[in-house]
Each structure stands twice: as structure tokens, then as C-alpha cells.
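Architecture at a glance
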Amino acid sequence: MSTMKTEMNADKKKKRILKTEPVIEQKKAKVHDGTSSKEYEVSLFHAEEEEAEKRNAESDVEKFKASCNEIRDAMQDIHTIKKKPKLDTEEMEVRKMDVCLQFASLKKLNRLAHFRCRKAREGTNEAKQRIEKYHLQLQNLLYEAMHLQKEITKCLEFKSKHEEIELVPTDDFYRDAPEDVSRQEVTGSDPHQQMLARLEWELEQRKQLAGKLKEAQTSREKISQEIQKKEDYLDTLQPKLSSILEATRPVQNYLKMPYDEVREQQQTARHLPLPLYVLYMQASAYQQACDKFLKVTIEGDVNAAKSFDLEVQEPDDDTDSDQDAEEQEKRNSKRRRKTVESRLKEKQQRVIRKHPLSVILEITGKDGSVLLLTFWFLPILHIITVGVKVVASKDVSTNSITGGDLLSAHSVLDELYPGDHGETTPSPANQYELGRYGMGEFGQYVGMVGRPYMWAQWLGGLQFLSTADSDGGGASTSGAGGGCCVSVRARTSVSATYMQQTIKRLRQRLKSRLGLLRQLVSLEQGIVPLSGPLVKKFPAKVVSRLLSWKRVTYSDLEVLPHARRLIDNGFVSRNDLLFCAVLERGSAKLTAHVVVSVDYPEVAPLFLTSIAWQSLRTALTDNHVKELEEEVNLHHGELVEDRGQDQLLAAQLVRLLVDFDVYLETEVLDVSAPVEIPKEKVIPRVYRGPGRSKPYKYVPELGVFTQR
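Attention in this report is confined to the structure presented alongside it. (Residues numbered from 1 in each chain as written. Predicted model: local features only at pLDDT ≥ 70, side-chain atom pairs only at ≥ 80, totals over all residues. Heavy atoms only, no water.)

**Considerations on the overall build of the protein chain**
Operational definition: Runs of H or I in DSSP of at least four residues are treated as helices and runs of E of at least two as strands, each being numbered from the N terminus. We call two residues in contact when some of their heavy atoms are within 4.5 Å. For accessible areas, the Shrake-Rupley method is used with a probe of radius 1.4 Å. Any residue's cover is judged against the shown protein chains and nothing else.
For the protein chain, the helix and strand inventory stands at 23 helices and eleven strands. Taking as baseline every contact in the protein chain between residues at least 6 positions apart, the subset at least 24 positions apart corresponds to 67%. Element-wise, carbon and sulfur atoms account for 54% of the exposed surface of the protein chain, whose accessible area totals about 43400 Å².

**Observations regarding the side chain of Arg509**
Position of Arg509 relative to the elements: it lies in helix H19 (residues 492-524). Discounting chain neighbours no more than four positions away, the residues touching Arg509 are Val412, Leu413, Asp414, Glu415, Leu416, Val598 and Asp599.

**Focus: the sheet that holds strand S6 (residues 577-585)**
Our working definition: Here, a strand pair is defined by DSSP locating no fewer than two bridges between the strands. To get an axis, fit a line to the C-alpha atoms, keeping to the stretch in contact for a helix; angles then go from 0 to 180 degrees between the N-to-C directions.
Strand order across the open sheet formed by five strands is S5-S6-S7-S8-S9, with antiparallel pairing between neighbours. Taken across any chain shown, the strands that pair with only one partner, and hence form the sheet edges, are strand S5 (545-551) and strand S9 (616-618). Ignoring strand direction, the axes of neighbouring strands in this sheet form an average angle of 20°. Sheet topology note: the S6/strand S7 (residues 588-596) ladder contains nine bridges and is antiparallel. Its bridge partner lying in S7, Cys580 is registered against His593.

**Some words on the packing of aromatic side chains**
Quick reminder of the rule: Aromatic rings from Phe, Tyr and Trp, taking only the six-membered ring of Trp, are treated as a pair when their centres fall within 6.5 Å; an angle between ring planes under 30 degrees marks them as stacked, one over 60 as edge-to-face, and anything in between as tilted. Throughout this description, buried means an accessible area under 20% of the type-specific maximum (1.4 Å probe, protein chains only), exposed means over 50%, and partly exposed covers the range between. Counting as a charge over the ring demands two things of the Lys NZ or Arg CZ atom: a distance within 6 Å of the ring centre and an angle within 35 degrees of the ring normal.
The tally for this structure, following the rule as stated, stands at seven aromatic pairs. Taking 5.3 Å as the distance between ring centres and 15° as the angle between the ring planes, the aromatic pair formed by Tyr453 and Trp455 counts as stacked. Trp455 matches Tyr453 in its accessibility class, with the two residues each being buried. Where Trp549 meets Phe579, the ring centres are 5.2 Å apart and the plane angle is 25°; that geometry is what we call stacked. With a gap of 30 residues between them, Trp549 in strand S5 and Phe579 in strand S6 connect regions that are remote in the sequence. Accessibility assignment for this pair places Trp549 and Phe579 in one class, buried. Taken together, the ring pairs connect Phe375, Tyr453 and Trp455 into an aromatic cluster. When the ring centre of Tyr417 is taken as origin, the NZ or CZ atom of Arg505, which lies over that ring, is 4.3 Å away. Sitting over the ring of Tyr687, Arg692 keeps its end group 4.2 Å from the ring centre.

**Details of the packing of helix H12 (residues 274-289) against H19**
We apply this condition: Here the angle decides the label: under 35 degrees means roughly parallel, over 145 means roughly antiparallel, 65 to 115 means roughly perpendicular, and every other value means oblique. A clockwise turn of the near helix away from the far one marks a right-handed crossing, whereas an anticlockwise turn of less than a right angle marks a left-handed crossing. When residues are grouped by polarity, Ala, Val, Leu, Ile, Met, Phe, Trp, Tyr, Cys and Pro land in nonpolar, Asp, Glu, Lys and Arg in charged, and all others, Gly among them, in polar.
Close contact between H12 and H19 brings their axes to 10 Å; oriented N to C, the two are set at 55°. It follows from the interaxial angle that H12 and H19 lie oblique. Considering only the axes of H12 and H19, their crossing is right-handed. Between H12 and H19, the residues in contact are Val278, Leu279, Gln282, Ala283 and Tyr286 and Thr492, Ser495, Ala496, Met499, Gln500, Ile503 and Lys504, respectively. Per-class residue counts for the contact of H12 with H19 are seven nonpolar, four polar and one charged.

Spelled out as C-alpha cells, the structure:
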């Protein structure tokens, strides 16, 4: 057995030696005669590079794999030898030598692979350089072509001065021009000569026209002299015409053609302060063009207005003189102190003094009701104030308990524009002017001078801004009276912008307040006024009835827990009109607090309800009561149209009565209720959905109630 193992080992050694002979041959080839080591390395480097080009890469890959397998087998043999009890040192050395030789073969294959890779990169770079060279040449050619194209375009688009001259057509030129200018035998075939000839003819024509112009100007001067003579003659007719107009005054009054009155008003308007003059002229123009039911007049003392501009001066603001007066006051008697106090009061009165002339707008409604607006101007403060008076028609009852203040001067025009209450002056500088004389807030003088609504300033052409007015001109510091408060120059453009919109708002406010007053008078009597097409949108039989209608205060509403959320969210303000309605059916009562905005009916009334029936139920404790409020407050738009806006409050109240019936009749199915509440409405489905919503929506076409 030992002999056989020895033979087998000898065969393996022989095979390994045969495998490693090429490597040994390569190492032996390194021996050279008569050459230096550096030259040998260079020649070897180029030799391997040439060899890499000649050899096949795929066969080198196969050799690489074979060398890796040989190394793997040799390592396994070494591992097997080390596991034997008796270590065969000679065999292990042979294996190690074999592994080293295979590593040398792998290194050579690696170098050859790097040579090939470098060769491929160099070839790629050479190809890229050629492409870039061609691309650069292409870009140069394209740039040259583009430059040539631009030059061609410039040449084609070149326009000469003569092209701007509108010449006569060629046919007219040859027909009208003389032969020595046209020269058709020469210009007919030469466009350049033709253009020169046409330009020459154009110059000749313009010279002729210039001569005619001079003649026309001379004739115009003669006619102007004749017109001036006739105007001088007409000026002498003015006294004669005045006497004729005076004689025809009775005829004017009889025919209702007050020419003299209009002329007198226009002459009086010359003495108005600029803001009131702008207001008067724009309102008169709007009356003539758009609104025949608007009347504009001027009231006041004309003689006082003529001398007013000379008398109006800013109150004395000399600080030194005031200090001297105070020292003198301390030294003088009590009578002297009273004199100083009277001087201060006189200054205060001068600050809020009104111009003697005022402009009155008389807005007449379709029912005959009249809204009288008196506009005053305060020269020192440079603002416009308004006095308001409403004259209701005979068919409107003003003896309402709950709506007695609807037509009052302090509330009828409240918030005509959002946030405009007329309690404070629109000019920030006025507060400093009032503070200098210890006059306090402007609101305490509203009863004497009127309310300075912002829209009144707009109608007078005034816009009070923080830095500059809307036309880009800075605010003037020298208004009427020369005050130190900043005044803004009245501009016609501002008045024209807001005139039509403001008149429409005033007329709509008058109409809505009168309509609301009519409804309140009926509601106080327990009658819900509803007429016209709105009646068809509700069932014919409504069992619930209005028990009472009264006015409440803001503090009454604040104590209600279910009203807290609306007050906190700003849906209710202290300027709103607050009412309380009590509805009744059997033993059940519904109390509704109604919030009517000052801008009714643009802002719909808001209803807050609570039901007292076996227990007190509100939107906080009963989801069905919350749905009832939503039906009345959110879906009012489907009740009234544009023409029925005046009945919005009554329509919402009727819906509340109807939905109160639905609430009670559907609640009977779940809660033991009095016998007095029978089912009167056609309700196909009592509840629907996870929230078990009730059928508050009425379908007038079918006469049934359903859920939304």
C-alpha cells in the first residue's frame, strides 16, 4: 500500500512540474546578456503590450478561471495534508510552490487585462476627440450661417424714410403728373427712377397744399373777427333777456319749469365750500341722468357765506400767549377767570362751527316716503357731516313698540357701508385738533353737528388716507380755515365713483327699513305678514301660532347658554336689532331670539331657539333643535327671491312655525306627548340616517316634508 501511495504522489508531482514549466520558462527568459535592467524592463513592458494585442481575451479568461481552480485545489490539498497525523512537508512545499506559480500567472493575466482596458480607453478618447472636432466644425458653420441669415434679414427689413410717406398710386401718378415729371418712357422700366419721380410729384403737391392752408388760415381769422362782433352784440342782450325772464316767472311757475330757481341755485353753489360744491354738482348730474326722484337743493344764508371765508380762522394756538394768559389768570380776579373760560369755549365752538350753506338731498321712494339728508361742512376739521330725517308715507304706521327707533336719525343709516357707524371722525388729525382744546372725543358732538359718515366724505370728493391720496397727490396741510389738521383736496373723480352706488344703498336702506317696520307692526299683533308667491312655498295649514313678539337687549341675549357660541364667533353685535318671539302649540312653547342686522335684508336674520316641552331643549342639548335652527338660518335663500327680500323676516318666521309643527308631530312617536298634538303633516319618513334627522324641508309641489 505504501508503494502505491508513493507512486501516486510521484505522478502528481510530475503533473505539477509539467504545469508550472511554462511559468518557469518565462522566468528563465528574463535572463539576458549585455543589456541593462532598465532597458530590459522597457522592452518587457512593450513586449507584454504587444502580447496583449495578439492574445485572445476569451482564452485568457479561461486560463484565469483554470488558474483559480488550480489554486483552489492546491489549497484544499494543503488543508488535507495539515489534517493528517503525519505532516508531509515535501508535499506541502510542492503545493505552496504550485500556488505561487499560479499567482504569478494570475498577475500576468491581470497586467494583460489592464493593457487591453487602457488600449480601449485610448481608442475611445481618440474617437471622442474626432467627434468633438467635427461637432466644433459643425457649430462654427451653423454660427456663420446664422450670422449670414441675420444680415440677410436686416437687409430685407431695411426701411427707408421714403417708405413712411404715403404716396399716390402709380396709376394716379401717371394720370395726374405732368410729362416732364412722370417721364413714363424712362420710369416705366426703371423702379428707382419711378420712385424718384413720384417723390418729386409728392413734394410739388405738398407745396400746393401749404399754400391752400395759408389761405384757409387767413379766411379763418376773418371769420373769427365776425364771430367776435356778433358775441359783443349778444352780450348787450343780457339785460333785455333778464327783464324778459322776470316777466315770464308766473308762466314758469304755472308750467312747473323753474328756470330761475335753477339759475339761482347755481349762483348760490358758487359760494359753497369745495367739498359741498363737488357733492352738489355730482348729485345734480346724477339726478338729471339717472334718478328723477332725487331732489338736490341748497339752503342757508348766502350773505353769511360770502363773509364766512374771511371770518373763518383757526383758533389761536400761540403757546406763549396761553401761558401768559394763565399767569394773568392767577393774578386777576374770579371775573377775569370767567373771561378766559369764555374765550376757550368760543374757540371750541369755532372748531365745530358749520358753514352757513348746506346741501340737501331728498330721496323719494316708490311708496312716497322721503329720506332727507342735510350735508354740512366743518371748515376747521375739514369734514362733511350729515343730518338725517325720514318722512314716512301715510300707509306706513310708525307706532311700533319694537321698531320705534328703526327710522331714527342715529340708526337708520348705521353701517350703510360695513363698519361705518358715523360716531367718529374719519380724519385722524381731528382727534389732535380736538385734544388741543380739551374737547374730548368727537362722538359727543354728533348731536350738534351731525354724523361724519365715511360715505358722506366720498360724496364730497374727500378721501382720508394715511400718506397720500389715491391720485398720487400729497395731502394738503392748508385746508379751509388754514387748520393744522391734515385736509385732503376734494376731487370730482372720487364723488363720481361713489355717487350712484351710495344713492342706491340709501334708497335700498329706506325701502328695507320701511318694509321691516311694516312687518314688526304686524308681528306685535300676532300676525305673520306673508303675501304674494311666498304663500305657496308653505303648507296651507300651520297649527303653531305666534304668541308674542317683543324687543330684547344685548344683555338679555348674553345670559343664554345656547347663544354664547354665536356671540363669541362675532355673529351678533351690540348694534344689531334683537327681538324675542314666542311660538305656541298646545302645551309646547318655542322661544326664538331673533338677531336682525342693521344691513337687513342683505344679511338675513339669525334665529336662536329653545323649546319648552316636558323639558327645556336647546341646540346644546337636542340635535333636532340644532337642525331646526339650521333649516331657518341657512336655507332662507330658497324662500325669497330678489323681489321678496322685504318679507325675509316673515318668511323665516313662517318656516319656524311650520318646522315647529314637524318637530312636535315627529317627536310624538318617541316621547309620550299630550293628545293635543295630532299628526297634521304628510311625512313619509320620520327619521333618516345615523343622526336620525327630521324632515324639516317642505316640498310644495308634493305637499310633503322630507329630510335634506
